[in-house]
Amino acid sequence: MKTPPIPPFIDHSHDHRSCVARALRTAEDLCHRHQQRFTTIRRRVLELVWRQHKPIGAYQVLELLQKNGRAAPPTVYRALDFLQQLGLVHRIASLNAYVGCTAPGEPHDGQFLICESCHDLAELEIPSITRAIAERSADFDFEPHRQTVEIMGLCPSCREEA
């Protein structure tokens, strides 16, 4: 089931509840297809990541979870690892944070435009970038398994304010 792409740099007036609900339904479907359990903690962590619509750190997720009960760092990291392995979230290394994947269940590499000011983010999927990296890697007899391209700059809103 292909999830409709989220437009670059979210219009924050969009129907956020249906957006989060769609991400959770997609996660349920993927877990079912892969015979994995979509536990309460995994569901809650994914919901918290999607609610942000921008990268969120593991400790921010932990703080939000602790508002409604007990949670420990290993629990959050295990849930994030599971969600990442299933392709439901991406890790944004430059921010040490996670963001919901806009095309879960579809093989792709992450390419992101990240605003240096507000940390809003847009996920791209440009096959020619993936191919170029694979081709150039082959020149060095290197076999890439996963790639994430992070491009830092200013989003339209922050550029307008500057």
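Since the structure is predicted, the reported quantities are computational estimates derived from the model, not experimental observations.

## A look at the confidence of the model for the protein chain
Across the protein chain, the average pLDDT comes to 88, with 91% of residues at or above 70. Put simply, strand β4 (residues 121–124) is where the protein chain has its lowest mean pLDDT, 88, and helix α4 (residues 73–85) is where it has its highest, 96. Throughout residues 1–6 the model reports pLDDT below 50, and contacts reaching past four residues in sequence, or to other chains, amount to 15 contacts.

## Structural notes on helix α2 (residues 40–52)
In a regular helix each residue adds 1.5 Å, so 13 residues correspond to 18 Å; α2 covers 19 Å between its end C-alpha atoms and thus fits that length. Buried within α2 are the following residues: R44, V45, L46, E47, L48, V49 and W50. Buried-residue contacts for α2 involve α1 (16–33), α3 (58–66), α4, β1 (89–92) and β2 (97–100). Looking one or two residues beyond α2, the residue adopting positive phi is H53, at roughly 55°.

## What about α4?
The end-to-end C-alpha separation of α4 is 18 Å, in line with the 18 Å expected for 13 residues at 1.5 Å each. Along α4, the residues that are buried comprise V76, A79, L80, F82 and L83. For α4, the angular spread of the buried residues around the axis is 160°, confining them to a single face. Exposed side of α4, more than 90 degrees from the buried face: R78 and Q85 are the residues found there. Taken together, the buried residues of α4 touch α1, α2, α3, β1 and β2. The first or second residue beyond α4 is G87, which carries a positive phi of 80°.

## Remarks on the packing of aromatic side chains
To describe a pair of aromatic rings, you give the distance between the ring centres and the angle between the ring planes. In the structure shown here, the tally under the stated rule is one aromatic pair. With 6.3 Å between their ring centres and 70° between their planes, Y59 and Y77 make a pair best called edge-to-face. Of this pair, Y59 sits in helix α3 while Y77 sits in helix α4, placing them 18 residues apart in sequence. A relative accessible area of 48% means that Y59 is categorised as partly exposed. The cationic tip of R42 hangs over the ring face of F82; the distance from NZ or CZ to the ring centre is 3.5 Å.

## Considering the side chain of H90
Residue placement: H90 occurs in strand β1. In this structure the side chain of H90 is engaged in a polar contact, spanning 3.0 Å, whose partner is the side chain of E123. Those residues in contact with H90 that lie beyond four places of it in its chain are A97, Y98, V99, C101, H108, G110, F112 and E123.

## Here we look at the environment of P156
Note that P156 resides in helix α6 (residues 156–161). Residue P156 is classed as partly exposed on the basis of its relative accessible area, which comes to 40%.

So, how was this worked out
Residues numbered from 1 in each chain as written. Predicted model: local features only at pLDDT ≥ 70, side-chain atom pairs only at ≥ 80, totals over all residues. Heavy atoms only, no water. pLDDT = per-residue confidence, 0-100. Helix = DSSP H or I, 4+ residues; strand = E, 2+ residues; numbered from the N terminus. Contact = heavy atoms within 4.5 Å. Expected span 1.5 Å × (residues − 1). Buried < 20%, exposed > 50% of the residue type's maximum accessible area, 1.4 Å probe, protein only. Arc of directions from axis to C-beta. Phe/Tyr/Trp six-rings, centres within 6.5 Å; stacked < 30°, edge-to-face > 60°. Lys NZ or Arg CZ within 6 Å of the ring centre and 35° of its normal. Polar contact = N/O pair within 3.5 Å; in protein donor to acceptor, adjacent residues only side chain to side chain.

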